[in-house]
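Chain by chain, the residues run as shown.
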Amino acid sequence: MQNQKKKQRGVTLAEALITVIIAALLIGLGIGGFIVARNYLNSTGTTRDISLITVAVNDTFKSGNFASLTPAVVAGTRKLPDNMIQGATVRNRFGQSIGFAPATYPAGAPANNAYSLSYPGIPTAVCSSVVGDNLASFPRITVGATVVQDKLAATPVVADDATIATACAAADVQTLTL
């Protein structure tokens, strides 16, 4: 009876290593899925926010003359969700101040017949989808310094996926001007 082997307790190094590898893979997949979901929510949320802003501005300036358009005027309308308003400032979901200014578009049109909406802080990961979602709503869209669409220019700029992707990839975050 003395020659009987004692049963080993615990796990072998190989078993432990396999367990760690499987856990790392599962964590990696979970993080990847989280990032995809976060980017989707940021993209759809940004598009929704831009739509809400557009409705608020157009409802406030029904005459089509945007001469007195400022962030404070838009904030004061209370037509945007409370989480977007901070005093006289309108903030986007990335914590950046949204800019508003009267514009004249296209060249030769009546003064202040349009407005410019500057939406900063858009992450590169969601930039292309936000631009794509807004192509039909705005005749002119600029990403950073690149005009990606200008339907009413003397020589129209037609948006294409390659131009949008290049403009969006030019920096970690972009300012979208509509």
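This text follows the structure it describes.
Residues numbered from 1 in each chain as written. Predicted model: local features only at pLDDT ≥ 70, side-chain atom pairs only at ≥ 80, totals over all residues. Heavy atoms only, no water.

### Brief notes about the sheet that holds strand S7 (residues 173-177)
Judged by pairing direction, the sheet is antiparallel, and its five strands sit side by side in the order S3-S4-S7-S5-S6 without closing on themselves. Two strands in the sheet have a free side with no partner beyond their single neighbour: strand S3 (99-103) and strand S6 (146-150). The average undirected angle you get between the axes of adjacent strands in this sheet is 20°. Examined bridge by bridge, strand S5 (residues 140-143) and S6 share four bridges and lie antiparallel to one another. For Thr142, the partnering residue across the bridge sits in S6 and is Val147. (Pairing = 2+ DSSP bridges. Helix = DSSP H or I, 4+ residues; strand = E, 2+ residues; numbered from the N terminus. Axes fitted to C-alpha atoms, helices over the stretch in contact; angles between N-to-C directions.)

### What about the side chain of Gln149?
As for its placement among the helices and strands, Gln149 is situated in strand S6. When neighbours within four sequence positions are excluded, Gln149 is seen to be in contact with Leu135, Phe138, Pro139, Arg140, Ile141, Val157 and Ala159. (Contact = heavy atoms within 4.5 Å.)

### Details of a nonpolar patch on the surface
Taken together, the side chains of Ile18, Ile22, Leu26 and Leu29 define a hydrophobic patch exposed on the protein surface, amounting to about 440 Å² of accessible area. The exposed category is assigned to Leu29, whose relative accessible area is 65%. (Patch = residues over 30% accessible without salt bridge, like charges linked within 9 Å, V, L, I, M, F, W, Y side chains within 5 Å. Areas by Shrake-Rupley, 256 points an atom, 1.4 Å probe, with all protein chains shown as cover. Salt bridge = Lys/Arg side-chain N within 4 Å of Asp/Glu carboxyl O. Buried < 20%, exposed > 50% of the residue type's maximum accessible area, 1.4 Å probe, protein only.)

### Considerations on helix H4 (residues 161-169)
An α-helical turn contains 3.6 residues, so a residue and the one three or four places further along point in the same direction. Buried within H4 we find Ile164, Ala167 and Cys168. Buried residues of H4, seen end-on, are gathered within an arc of 95° and therefore sit on one face of the element. Facing away from the buried side of H4, by more than 90 degrees, are the exposed residues Ala162, Thr166 and Ala169. Where H4 is buried, its residues contact helix H3 (124-134), S5, S6 and S7. (Arc of directions from axis to C-beta.)

### Regarding the nonpolar core
Counting residues in each nonpolar core, the largest one holds 33 residues, and the members touching the most others are Ile53, Val57, Val90, Phe100, Val131 and Leu176. Where this core is concerned, the elements lending two or more residues are helix H1 (13-60), helix H2 (71-76), strand S4 (114-123), H3, S5 and H4. Ignoring anything within four residues of it in the chain, the contact list for Val90 reads Pro71, Val74, Ala75, Leu80, Met84, Ile85, Gln96, Ser97, Ile98 and Phe100. (Core = buried A, V, L, I, M, F, W, Y, C linked by side-chain atoms within 4.5 Å.)

### Details of the state of the cysteines
Enumeration according to the criterion identifies one disulfide in this entry. Across the disulfide from Cys127 sits Cys168; the S-S distance is 2.1 Å. Since a negative S-S torsion denotes a left-handed disulfide, the Cys127-Cys168 link at about -65° is left-handed. Of this pair, Cys127 sits in helix H3 while Cys168 sits in helix H4, and the two are 41 residues apart along the sequence. The same class applies to Cys127 as to Cys168, namely buried. (Disulfide = S-S within 2.5 Å.)

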